[in-house]
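Coordinate analysis (summary)
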Amino acid sequence: MPYDPKNKLRLIKDVEFSTHFKAETWEDYNRQFFNQLAKKYDATNVLHSFGTKHRMDRAAVARLPIKPGSTILDLCTGSGDIALAIATQFPDCKVVGVDYSENMLELAAQKTAGLKSVSYQQGDVTRLPFPDGAFDGAIISFGLRNLSDLRVGLREFRRVIRPGGFFCNIDQGKPQNALFRLAYKVYFYHIAPLIGKLVFHRGEFNSFRYLPESNKYFPDQREMEALFVEADFKNVKTYGFWMGAVAQQIADV
Ligand SMILES: C[S@@+](CC[C@H](N)C(=O)[O-])C[C@H]1O[C@@H](n2cnc3c(N)ncnc32)[C@H](O)[C@@H]1O
């Protein structure tokens, strides 16, 4: 199904956001969801990634064309995993993390406490409070799926990256191998949501349903590359983790 931002609103019912939260807009539902999830977010990632998220973050960051002294924007920084990976792998660079969930930002600040090169700002990444070309590069990890229209996000991200800089996205992809795809679907659609309901989120919104449900309307690797080109990014390259279950795009500005 081609990417259509209108499908996003269907998710409010599909994942039962409207049963658990009171909000007027998609953004407000999503922010409340992450505020509620914050304390358990890192633990749920361990389960989603079979304990490999930090290793994937480090490998993905190592691939970035970061030059000494760069200032990098970490969009939808969440609990700060990517900001931390950049700050430790590129200690002479500055990192600015942006997120609209105050609870997630609190965790991020704790995680990178003591690292002077990292700072955070609360805000909506589709309306960034930065001038054109303010950053040498930007990265978004498991963030694009949350935007009400990812085309709007991509245009805004491109605006704040200087010519010659880079943009990177990390998110779920669609695995190419048919057998692996089947096993992956069974786990993400059936087993993980059950574990989420029984172990992690008794009586609250079950975050383990959000990842697979939001994946239904999320572009696969090829379509994501086309959306990058549409937003005027160049030389888009896609890399895979877990046989394509997680995909990383890196592009030039
Ligand atoms: C799945 S978490 C990803 C966190 C982190 N990048 C990582 O890799 O673990 C998604 C984050 O995006 C944030 N978010 C979603 N939409 C946003 C928006 N429009 N503006 C700012 N933050 C947003 C949420 O608050 C949440 O912290």
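Further up the page is the structure itself.
My aim in this report is to walk through the structure given alongside it, one point at a time. Given the structure is predicted, the values throughout are model-derived calculations rather than measurements.

Our next topic: the overall build of the protein. Helix and strand counts for the protein come out as 10 helices and 7 strands. Taking 253 residues into account, the globule formula puts the C-alpha radius of gyration at 18 Å, and the protein, at 17 Å, falls close to it. Overall, the C-alpha framework of the protein stretches about 45 × 40 × 35 Å when taken along its three principal axes. Burial statistics for the protein: of 253 residues in total, 54% are counted as buried. Sequence separation of 24 or more characterises 71% of the internal contacts of the protein that already satisfy a separation of 6 or more. Within the structure as shown, the protein displays about 11800 Å² of accessible surface, and the carbon and sulfur contribution to it stands at 57%. In the protein, the 33 positive side-chain charges and the 28 negative ones have mean positions that sit 4 Å from each other.

Turning next to the sheet that holds strand β2 (residues 94-99). The 7 strands are arranged β3-β2-β1-β4-β5-β7-β6 in an open sheet whose pairing can be described as mixed. With partners counted over all chains shown, the strands left at the sheet margins are β3 (118-122) and β6 (234-241), one partner each. Recorded for the sheet is a direction-independent mean angle of 20° between the axes of neighbouring strands. As paired strands, strand β1 (residues 71-75) and strand β4 (residues 135-141) are joined by 4 bridges and run parallel to one another. Residue pairing for β4: Asp74 is matched across the bridge by Ile139. In the packing of helix α4 (residues 53-62) onto the sheet, the strands contacted are β5 (161-172), β6 and β7 (246-252), and the crossing angle to β6 comes to about 155°. Each of β2 and β3 is contacted by helix α6 (residues 102-111), which is oriented at about 170° to β3, the strand it contacts most.

Now for the site of the ligand. Taken together, 18 residues are adjacent to the ligand, and Tyr41, Cys76, Asp99, Val125 and Ser141 come closest. Separating an oxygen atom of the ligand from a side-chain N or O atom of Tyr41 is a distance of 2.7 Å. Bound to the protein, the ligand loses 97% of the 600 Å² it would expose on its own. Broken down by element, the residue count for the shell around the ligand peaks at 3 residues, all from helix α3 (residues 26-48). Among the residues making up the shell around the ligand, the classes are represented as 8 nonpolar, 7 polar and 3 charged.

In contact at an axis separation of 9 Å, helix α7 (residues 150-160) and helix α10 (residues 221-230) are set at 50° when each is read in the N-to-C sense. With respect to α10, the axis of α7 lies oblique. In terms of crossing hand, the pair formed by α7 and α10 is right-handed. Contacts between α7 and α10 involve Leu150, Arg151 and Leu154 from the first element and Met224, Leu227, Phe228 and Glu230 from the second. When the residues that make up the contact of α7 with α10 are grouped by side-chain class, the tally is 5 nonpolar, no polar and 2 charged.

Here is what the cut-offs are and how they apply
- Each chain has its residues counted from 1, following the order in which its sequence is written.
- Only residues with pLDDT of at least 70 are given local features in this predicted model, and only at 80 or more are side-chain atom pairs given and counted; all residues enter the totals for whole chains, interfaces and linings.
- Only heavy atoms go into the side-chain values, all of them from the structure, while hydrogens and water stay out.
- Strands are runs of DSSP state E lasting at least two residues, helices are runs of H or I lasting at least four, and both sets are numbered from the N terminus onward.
- Our radius of gyration is a C-alpha quantity, and the globule rule it is checked against amounts to 2.2 Å times the number of residues to the power 0.38.
- We call a residue buried when its accessible area falls under 20% of the maximum for its residue type, exposed when it is over 50%, and partly exposed in between, using a 1.4 Å probe and counting protein chains only.
- We call two residues in contact whenever any of their non-hydrogen atoms come within 4.5 Å of each other.
- Using a 1.4 Å probe, accessible areas were evaluated by the Shrake-Rupley method; residue-level cover was limited to the displayed protein chains.
- A residue counts as positive if it is Lys or Arg and as negative if it is Asp or Glu; His and the chain ends are not included.
- Charge placement uses NZ in Lys and CZ in Arg. For Asp and Glu, CG and CD serve respectively.
- What makes two strands pair is DSSP finding at least two bridges between them.
- Orientation is described by lines fitted to C-alpha atoms, with helices fitted over the stretch in contact, and by angles between N-to-C directions that extend from 0 to 180 degrees.
- Near residues are defined by distance, with any heavy atom within 4 Å of the molecule or strand qualifying the residue.
- Definition of a polar contact: a pair of N or O atoms within 3.5 Å, with one able to donate and the other able to accept a hydrogen when the atoms are protein atoms, and with sequence-neighbouring residues admitted only if both atoms are side-chain atoms.
- Only Asp, Glu, Lys and Arg are considered charged, only Ala, Val, Leu, Ile, Met, Phe, Trp, Tyr, Cys and Pro nonpolar, and every remaining residue, Gly among them, polar.
- Every angle not falling under 35 degrees, over 145, or within 65 to 115 is termed oblique; those three ranges are roughly parallel, roughly antiparallel and roughly perpendicular.
- Less than a right angle of anticlockwise turn of the near helix away from the far helix marks a crossing as left-handed, whereas a clockwise turn marks it as right-handed.

Function cannot be inferred from these measures alone, as they are strictly geometric.
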